[in-house]
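Residue-level listing of the chains:
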Amino acid sequence: MDTKIDLAARVGQALKARNLLLSTAESCTGGGVAQAITEIAGSSEWFDCGFVTYSNASKNELLDISEALIARHGAVSEEIAAAMAEGAIANSSSDVAVSTTGIAGPGGAVPGKPVGTVCFGWKIGDQIFTERLVFGGDRQAVREQSVVHSLRGLLRLLT
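What this report covers is the structure whose coordinates are included nearby. For clarity, every value in this text was computed on a predicted model and none was experimentally measured. (Residues numbered from 1 in each chain as written. Predicted model: local features only at pLDDT ≥ 70, side-chain atom pairs only at ≥ 80, totals over all residues. Heavy atoms only, no water.)

### Focus: the sheet that holds strand E4 (residues 117-124)
- If you walk across this open sheet you meet the five strands as E2-E1-E3-E4-E5, and the pairing is mixed. Each having just a single partner strand, strand E2 (47-52) and strand E5 (127-134) make up the two edges of the open sheet. Taking the axes of each pair of neighbouring strands and ignoring which way they run, one obtains an average angle of 10° across the sheet.
- Alignment of strand E1 (residues 22-26) against strand E3 (residues 96-102), held across five bridges, turns out to be parallel. (Pairing = 2+ DSSP bridges. Helix = DSSP H or I, 4+ residues; strand = E, 2+ residues; numbered from the N terminus. Axes fitted to C-alpha atoms, helices over the stretch in contact; angles between N-to-C directions.)

Structure follows, in structure tokens:
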């Protein structure tokens with residue numbers, strides 16, 4: 001099984017081969033995706049920046065996500081994950097973005113969104129992909145699985 005560092009290195013190779021820059025927009029992972037990416041020596045060649053937008057206000061201020069969209073769908077939704085990825089590209093020099101928003105626990109569950117619910121967004125060019133998963137385990141396990149899934153999604157997007 002690939003580690004997050006192995007995955008990040010492969011993402012970097014794919015981005016570098018295509019001469020693309022990546023940005024991240026993270027909520028529940030708290031910068032974990034960007035941290036895995038910057039473990040790779042030379043990642044400055046293909047990684048532009050990361051946004052950690054934990055609060056709804058920061059999603060609005062840093063990623064240009066309207067309060068109305070958050071109110072309509074909730075911060076943990078595929079719609080917000082898509083908007084986060086779009087906002088990361090719009091507010092950086094990147095060509096590709098990945099986003100995460102979720103409920104890592106132990107609290108925070110709401111009807112229809114149990115602890116472990118994480119929504120992902122990936123954007124390249126005009127294409128945007130989203131996904132919603134529910135992971136098991138404690139807070140650390142949910143966050144770790146989310147980082148790995150984000151990187152795997154980037155690899156799928158780039159290959």
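### Looking at the nonpolar core
- Among the nonpolar cores identified, the biggest contains 31 residues, and Val 11, Leu 22, Val 96 and Leu 151 are the most heavily contacted of them.
- Of all the secondary-structure elements, those providing two or more residues to this core are helix H1 (4-17), helix H2 (32-38), E3, E4 and helix H6 (139-158).
- In terms of residues, this core owes the most to one element, H6, which gives eight residues.
- Aside from chain neighbours lying at most four places away, what touches Val 96 is Leu 15, Leu 20, Leu 21, Leu 22, Ser 23, Ile 89, Lys 123, Ile 124, Leu 154, Leu 157 and Leu 158.
- In terms of nonpolar packing, the next biggest core, distinct from the first, is built from 14 residues, Ala 75, Ile 80, Ala 83 and Ala 85 among them. (Core = buried A, V, L, I, M, F, W, Y, C linked by side-chain atoms within 4.5 Å. Buried < 20%, exposed > 50% of the residue type's maximum accessible area, 1.4 Å probe, protein only. Contact = heavy atoms within 4.5 Å.)

### Some details on the pattern of salt bridges
- Applying the stated criterion across every chain yields a total of four salt bridges.
- Salt-bridge contacts for Glu 45 lead to Lys 16; the nearest nitrogen and oxygen are separated by 3.0 Å. Taken together, the residues span a long stretch of sequence, with Glu 45 in the loop between H2 and E2 and Lys 16 in helix H1 at a distance of 29 residues.
- Measuring nitrogen to oxygen at the nearest pair gives 3.8 Å for the salt bridge that ties Arg 156 to Glu 131. Here Arg 156, found in helix H6, pairs with Glu 131, found in strand E5; they are 25 residues apart in sequence, far enough to count as distant.
- Classification of Glu 131 as partly exposed rests on a relative accessible area of 24%. (Salt bridge = Lys/Arg side-chain N within 4 Å of Asp/Glu carboxyl O.)

### Digging into unusual backbone geometry
- Residue Pro 106 is bonded to the preceding Gly 105 through a cis peptide linkage, with omega at 5°.
- Within the secondary structure, Pro 106 sits in the loop between E3 and E4.
- Notably, Asn 19 is not glycine yet its phi reads approximately 55°, a positive angle.
- For Asn 19, the position within the fold is in the loop between H1 and E1.
- At Asp 64, a residue that is not glycine, the phi angle is positive and equals roughly 60°.
- Within the element layout of this structure, Asp 64 appears in the loop between helix H3 (56-63) and helix H4 (67-73).

### Topic: the packing of H1 against H6
- Contact geometry for H1 and H6: axes closest at 9 Å, N-to-C directions at 25°. It follows that H1 is roughly parallel to H6 by the angle criterion. Considering only the axes of H1 and H6, their crossing is left-handed. Contact residues: H1 offers Lys 4, Leu 7, Ala 8, Arg 10, Val 11, Ala 14 and Leu 15, while H6 offers Glu 144, Val 147, Val 148, Leu 151, Arg 152, Leu 154, Leu 155 and Leu 158.
- Residue composition of the contact of H1 with H6, by class: 11 nonpolar, no polar and four charged. (Parallel < 35°, antiparallel > 145°, perpendicular 65-115°, else oblique. Left-handed = near helix turned anticlockwise from the far one by under 90°. Nonpolar A, V, L, I, M, F, W, Y, C, P; charged D, E, K, R; others polar.)

These figures come from the coordinates and say nothing about function on their own.
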